[in-house]
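Residues per chain are reported as follows:
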Amino acid sequence: MAEEKRYDIVIVGGGPGGLCAGLYAARATRKTVCLEKYLPGGQIAITGDVEDYLGFEHIQGAELGMKFAEHAKKFGLEIEMEEVVEVYCEGDDRLARCASGNIYRGKALILSTGGSPVYLNVPGEKEYSGKGVSYCAICDGAFFKEQVIAVVGGGDAAVEEGSFLTRFGSRIYIVHRRDKLRAQKIIQKRAFDNPKIEFIWDSVVESINGDGKRVNHLVLKNVKTAKTSRLEVGAVFVYIGFRPNSDIVRENIERDEGGYVLTDSKMETSIPGIFACGDVRAQLVRQVTNAVGDGTTAAVAAEKRLEGLEDKLAQ
Ligand code: NAP
C-alpha cells in the first residue's frame, strides 16, 4: 500500500551527485533518503572504465558506483529503489511522488536526476533496440564478440566507449557527423592509436537495418557529398549526448534552452528548498568530479535551509 514518509532531506537520483549529497546530509545527522529507480551510481554504473576520478587510476564504473553507495549508507543514508514521477512543494515542504504511489516529504529536496540518452530518431532504431541497437557498451558490448560494431557520435562518451568496445568487436567504426571530434584530446589519442578503430567522418546514420531479428547494416550519408553507403555491422551503439531529466518538477523551475536546471552558487534552483546537482544542472562540464562537488554544496545548503526553518519555528 502506498505510504507517505517523512524525511529531513529527500534526494531524487542516486548518481555520484545524489550519493555524495546523501553522504554529507546523513553525516550531518539529517534523516535523508535517496530515491533511485535503477542502480546506485547513475550513469557511472553503466560506464566501463573510469580513470579520471581522483584517487582511482582505474576502476570499473559499476564498482565505483557501489563504493559511493556503500560509503553514504555507512553514514546513515537510506537508499530506496523508487521511480520519482513528480517533485512539488506544499508550504515549506518539498515532496517527491513515486510511480509506486509512495510520497517522500522533506524540508529540502535535492534533484540529481542526471540525463537520458538522445536517440537518433532514424528508421530501424526503435525496431532494433535490444537487437543490436544499444546505448550502453558496458551492458551490451559482450554480446557482440568478434563482430563489426558501429558507434555514433564524436563526444567523450562515443570515443571512450568505442575504445572500450575494442575488447569485444573485431572492428569498431566511429561514425561522426563532422571531421573533428568533440572528445577530450587524451580520449581521442587513445582511439586514434587503436588499430581496431576506424573513423567515418562527415557522416550520419540514415537508417538501421536488419533481418527482423538482428541488425545487419546501416545506411550512412556523407553530409558533404550527399552520397549514401552501406556499412555491414552486427551492432550500433548510439552516443550522441543526453537530455537532462528535469521535467518532473511540477512548479515552473528555471532552465536553460537545453533544459538544464539553473542554480545559484549554493546549488539552489529558482524554487527555494529545491537544489540541483550533477548532470541535470546547467554547467560547463558534466563529470563525476563536478557532480560530487555539486552534491556536497547542495547538501550543506540544504542543511542551512533546515537550520533556518528550525530557527524560525523556535522564535
Ligand atoms: P556530447 O559531449 O554532447 O557529444 C555528443 C556527440 O554526438 C557530439 O560529437 C555531437 O556532434 C554528436 N551528435 C549530437 N547529435 C547528433 C545527431 N543527431 N546525429 C549524429 N551525431 C550527433 O555528449 P556525450 O559524449 O554523451 O558526453 C556528455 C557529457 O558527459 C559530456 O560533458 C562529457 O564530457 C561527459 N562524459 C565524460 C566522459 C569522461 O570524461 N571520461 C565520458 C563520457 C561522458 P557535434 O560534435 O558535431 O556536436
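Everything quoted here is computed from the prediction, not taken from an experiment.

Calculation notes
- Residues numbered from 1 in each chain as written.
- Predicted model: local features only at pLDDT ≥ 70, side-chain atom pairs only at ≥ 80, totals over all residues.
- Heavy atoms only, no water.
- Domains from an automatic or database assignment.
- Contact = heavy atoms within 4.5 Å.
- Buried area = accessible area lost by both parts, 1.4 Å probe.
- Salt bridge = Lys/Arg side-chain N within 4 Å of Asp/Glu carboxyl O.
- Polar contact = N/O pair within 3.5 Å; in protein donor to acceptor, adjacent residues only side chain to side chain.
- Nonpolar A, V, L, I, M, F, W, Y, C, P; charged D, E, K, R; others polar.
- Core = buried A, V, L, I, M, F, W, Y, C linked by side-chain atoms within 4.5 Å.
- Buried < 20%, exposed > 50% of the residue type's maximum accessible area, 1.4 Å probe, protein only.
- Helix = DSSP H or I, 4+ residues; strand = E, 2+ residues; numbered from the N terminus.
- Axes fitted to C-alpha atoms, helices over the stretch in contact; angles between N-to-C directions.
- Parallel < 35°, antiparallel > 145°, perpendicular 65-115°, else oblique.
- Left-handed = near helix turned anticlockwise from the far one by under 90°.
- Near = heavy atom within 4 Å.
- Areas by Shrake-Rupley, 256 points an atom, 1.4 Å probe, with all protein chains shown as cover.

### Here we look at the domain arrangement of the protein
Moving on, step 1. Assigned domains of the protein: these are domain 1 (4-117 + 242-314) and domain 2 (133-238).
Moving on, step 2. A separation of 33 Å is found between the C-alpha centroids of domain 1 and domain 2.
Moving on, step 3. Between domain 1 and domain 2, the contact holds eight residues from the first and 11 residues from the second.
Moving on, step 4. Taken over both partners, the interface formed by domain 1 and domain 2 buries close to 710 Å², and the fraction arising from carbon and sulfur atoms is 46%.
Moving on, step 5. Counting the surface domain 1 buries against domain 2, the share from its top three residues, I46, D49 and E51, is 48%.
Moving on, step 6. At the boundary of domain 1 and domain 2, one finds one salt bridge.
Moving on, step 7. In this structure, the salt-bridge partner of E51 is R190, at a minimum N-O distance of 2.5 Å.
Moving on, step 8. Summed over the shared surface of domain 1 and domain 2, the result is one residue pair in polar contact (both at pLDDT 80 or more).
Moving on, step 9. Its residues assigned to classes, the side of domain 1 that touches domain 2 shows two nonpolar, four polar and two charged.

### Here's the deal with the nonpolar core
Moving on, step 1. Core analysis: the biggest nonpolar cluster contains 30 residues, and I9, I11, Y53, L64, L77, I110 and F275 have the highest contact counts within it.
Moving on, step 2. Residue assignment for this core shows that the elements contributing at least two residues are β2 (9-12), α1 (16-27), α2 (61-74), β10 (108-111) and α6 (288-314).
Moving on, step 3. No other element matches the seven residues that α6 contributes to this core.
Moving on, step 4. Other than its neighbours up to four places away in sequence, L64 contacts I44, V50, Y53, F56 and I59.
Moving on, step 5. Core analysis: the next-biggest nonpolar cluster, separate from the first, contains 21 residues, C98, I274, A276 and V280 among them.

### Side note on unusual backbone geometry
Moving on, step 1. Residues other than glycine seldom take positive phi values, yet E146 does so here, at roughly 60 degrees.
Moving on, step 2. Locating E146 in the fold gives a position in the loop between α3 (137-140) and β13 (148-152).
Moving on, step 3. A relative accessible area of 62% places E146 in the exposed class.
Moving on, step 4. Positive phi is not limited to glycine here, since A226 has a value of about 65 degrees.
Moving on, step 5. Note that A226 resides in the loop between β17 (215-222) and β18 (228-232).

### Quick notes on the packing of α1 against α2
Two quantities define a packed helix pair, namely the angle between the helix axes and the distance between the axes.
Moving on, step 1. Close contact between α1 and α2 brings their axes to 8 Å; oriented N to C, the two are set at 20 degrees. Our classification of the angle between α1 and α2 gives roughly parallel. Regarding α1 and α2, the two cross each other, and that crossing is left-handed. Contacts from P16, L19 and L23 in α1 reach G65, F68, A69, H71 and A72 in α2.
Moving on, step 2. Here the contact of α1 with α2 is composed, by residue class, of six nonpolar, two polar and no charged.

### Notes on the packing of α1 against α6
Moving on, step 1. Taken N-terminus to C-terminus, the directions of α1 and α6 make an angle of 35 degrees; their axes are 7 Å apart at the nearest point. The handedness of the crossing between α1 and α6 is right-handed. Here α1 contributes P16, G17, C20, A21, Y24 and A25 to the contact with α6, which in turn contributes V288, A291, V292, G295, T296 and A299.
Moving on, step 2. Of the residues in the contact of α1 with α6, the class split is nine nonpolar, three polar and no charged.

### Concerning the site of the ligand
Moving on, step 1. The environment of the ligand is formed by 18 residues, the closest being D156, E160, R177, R178 and R182.
Moving on, step 2. Between the ligand and D156 there is a distance of 2.6 Å, counted from an oxygen atom to a side-chain nitrogen or oxygen.
Moving on, step 3. Out of a free accessible area of 900 Å², the ligand has 79% covered by protein chains.
Moving on, step 4. With three residues, the single largest contributor to the shell around the ligand is helix α4 (residues 156-165).
Moving on, step 5. Its residues assigned to classes, the shell around the ligand comprises four nonpolar, seven polar and seven charged.

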